[in-house]
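A structural walkthrough
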Amino acid sequence: MKKVISVILAVMISLSCLALFASAADSYPVEAAFSKNGAYTVTAEIFECDEADYDYYKVWYPAELADIEGKLPVIIYNNSSGMTDNTVETQAMMKAFASWGFIGLTNNHKKTGFGDSASKGLDFLMALAADEESIFYGRIDFDAVGLCGHSQGGSGAFNAASEGKYENSHIFTSICAISAPHSELAASEWQQTPYDISKVSAPAFLIAGTKSDEAGYMLDSGICPLGMGLIANMKAINNDNVVIGRIKDAWHVDTQAESQAYAIAWFMWTLKGDEFAATAFTGEGAELFNNNKWQDVYNKQSENLPENPDPYDPEVFDNSIFIEIYKAFSDIIDRILNFFMSLISNFV
């Protein structure tokens, strides 16, 4: 009898779990679909290069490439500060992109914020596609080229796609910037990778988290706050198709992995024209706007933007000795971090 009861309980628990998963899929079908890898088996190939700051490109693509009809769209990924493409998050993301029928490109550049490695990477892919002996000969769609990046990699995406920045900047047709530093931080002594977002005219999906390292503290901005980060950049991009959103309770280090499903959906829509993926971002009842794991989801057409979205107000403290001490302390911390970062870079 005990065994029978145990089996019944196990079945009931399994059915409950299945019901929960089914409910989640029903509520957010786009997220559920793209949380899984696509139908293609993924392979990757490393090509050595002689750039000063990195020494290879890695091309991710469906192993069935020879059997796929037509050309495949491209996603070039920009690494976070001090990181390469060997992080768990980036490996997972690139495998996912390729499994859904994209050709991906990464490298081991640790300071991608200028956008130069993305620009050179695009040139590399164009040369590869023109090589009659390459498996990629004539197989890459240069009318559908996406840029993705996390943290400083988001700055790199903005710079690579900025009008007049590079000769091939106009070729990039879609951007997904995850936790990109706001413009003042990107231009600061700490980052030193400024961008002019008004020079960007590609459709863009801008993402951040809500934890304090992203959103800001009482006296200072975070890495990607809602107001001076997401909303300011959304307004300044010269394209009507810009969507922003923040992942609830996500720290800066979490946002890449936690946004992966919608990042895939974004590129499926903007680079492949996938109508199902588009339902996450556009139309009545767009999924992302109603996903309870996200907040502050807006687009260029939104009329309910918050007036003072950031959780700090520097104006209040302008005449306070406390803020001067705070700024001095922050400057000392920044200099110490810069010193140790320079030491680390000399040994890497």
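All values derive from a computational prediction rather than experimental measurement. Chains are numbered independently. Their residues run from 1 in the order of the written sequence. Local features are withheld for residues below a pLDDT of 70 in this predicted model, meaning they are given only at 70 or higher, and side-chain atom pairs are given and counted only at 80 or more; totals for whole chains, interfaces and linings count all residues. Excluded from the side-chain calculations are hydrogens and water; all other atoms, namely the structure's heavy atoms, are used.

Looking now at the packing of helix H3 (residues 88-99) against helix H10 (residues 260-272). Each pair of packed helices can be described by the angle between their axes along with the distance between the axes. Contact geometry for H3 and H10: axes closest at 11 Å, N-to-C directions at 35°. In the packing of H3 onto H10, the handedness of the crossing is right-handed. Mapping the contact onto sequence places Glu89, Ala92, Met93, Ala96 and Phe97 in H3 and Gln260, Ala263, Ile264 and Phe267 in H10. Classes in brief: Ala, Val, Leu, Ile, Met, Phe, Trp, Tyr, Cys and Pro nonpolar; Asp, Glu, Lys and Arg charged; the others, Gly included, polar. Taken together, the residues that form the contact of H3 with H10 break down as seven nonpolar, one polar and one charged. Only the stretch in contact is used when a helix axis is fitted, and all axes are lines through C-alpha atoms; the angle between N-to-C directions ranges over 0 to 180 degrees. For the purposes of this entry, the term helix denotes a DSSP run of H or I that reaches at least four residues, the term strand denotes a run of E that reaches at least two, and both are numbered from the N terminus. The crossing is said to be left-handed when, going from far helix to near helix, the turn is anticlockwise and less than a right angle, and right-handed when the turn is clockwise. The contact definition used throughout considers only heavy atoms, calling two residues in contact when any of these lie within 4.5 Å.

The subject of this paragraph is the side chain of glutamate 31. By the secondary structure assignment, glutamate 31 is in helix H2 (residues 29-34). Apart from residues lying up to four places away in sequence, glutamate 31 is in contact with Ala261, Tyr262, Glu287, Asn291 and Lys293.

Attention shifts here to helix H4 (residues 116-130). Here the expected span of a helix is defined as 1.5 Å times the quantity of residues minus one. End to end, H4 covers 21 Å across 15 residues, agreeing with the expected 21 Å (1.5 Å per residue, within 8%). Working definition: with a 1.4 Å probe on protein chains only, accessible area under 20% of the residue-type maximum means buried, over 50% means exposed, and in between means partly exposed. Of all the residues in H4, the buried ones are Asp116, Ser117, Ala118, Ser119, Gly121, Leu122, Phe124, Leu125, Leu128 and Ala129. Considering only its buried residues, H4 is in contact with strand S1 (42-48), strand S2 (56-62), strand S3 (72-78), strand S4 (103-107), strand S5 (140-150) and helix H5 (152-160).

This next bit is on the confidence of the model for the protein chain. Averaged over the protein chain, the pLDDT score is 88; the fraction of residues at 70 or greater is 83%. Considering each helix and strand of the protein chain separately, the mean pLDDT is smallest for helix H1 (residues 2-27), with a value of 44, and largest for strand S6 (residues 174-178), with 99. pLDDT is defined as a per-residue confidence score from the predictor, taking values between 0 and 100. Here residues 1-24 scores under 50 on pLDDT; set against residues more than four positions off or in separate chains, the count is zero contacts. Long-range and interchain partners of residues 317-321, a stretch whose pLDDT sits below 50, account for five contacts in this model, where long-range means more than four residues apart.

Our focus in this paragraph is the pairing of S6. Along any regular strand, the residues point their side chains to alternate faces of the sheet. Counting buried positions along S6 gives five out of five residues, so the element sits mostly inside the fold. Covered by surrounding structure in S6 are Ser174, Cys176 and Ile178 together with Ile175 and Ala177, the residues of both alternating faces.

Let's shift gears to the environment of aspartate 85. With respect to the element layout, aspartate 85 can be found in the loop between S3 and H3. As a C-alpha pair, aspartate 85 and asparagine 108 span 23 residues in sequence and 5.6 Å in three-dimensional space. Those residues within four positions of aspartate 85 in sequence are excluded, and the remaining contacts are Tyr56, Lys58, Asn79, Thr90, Gln91, Thr106, Asn107 and Asn108.

This brings us to the nonpolar core. A general tendency of soluble globular proteins is for nonpolar side chains to be buried together. Counting residues in hydrophobic clusters, the biggest one holds 49 residues, and the most contacted among them are Val59 and Ile175. Among the elements that take part in this core, H4 stands out by supplying six residues, more than any other. Setting aside anything within four residues of it in sequence, one finds isoleucine 175 in contact with Leu147, Ala157, Phe158, Ala161, Val200, Ala202, Pro203, Ala204, Phe205, Trp266 and Phe267. For the purposes of this section, nonpolar cores are sets of buried Ala, Val, Leu, Ile, Met, Phe, Trp, Tyr and Cys residues that join through side-chain atoms within 4.5 Å. In this structure, Phe102, Cys148, Met268 and Ala277 belong to the second largest nonpolar core, which totals 38 residues.

Here we take up the sheet that holds S4. With respect to topology, nine strands assemble into an open sheet ordered S1-S2-S4-S3-S5-S6-S7-S8-S9, the strand pairing being mixed. Both edges of this open sheet fall to S1 and strand S9 (294-299), since each of them pairs with a single strand only. Between one strand axis and the next, the sheet turns through 15° on average, direction left out of account. Only when DSSP finds a minimum of two bridges between them are two strands counted as paired. Sheet topology note: the strand S7 (residues 204-209)/strand S8 (residues 242-247) ladder contains six bridges and is parallel.

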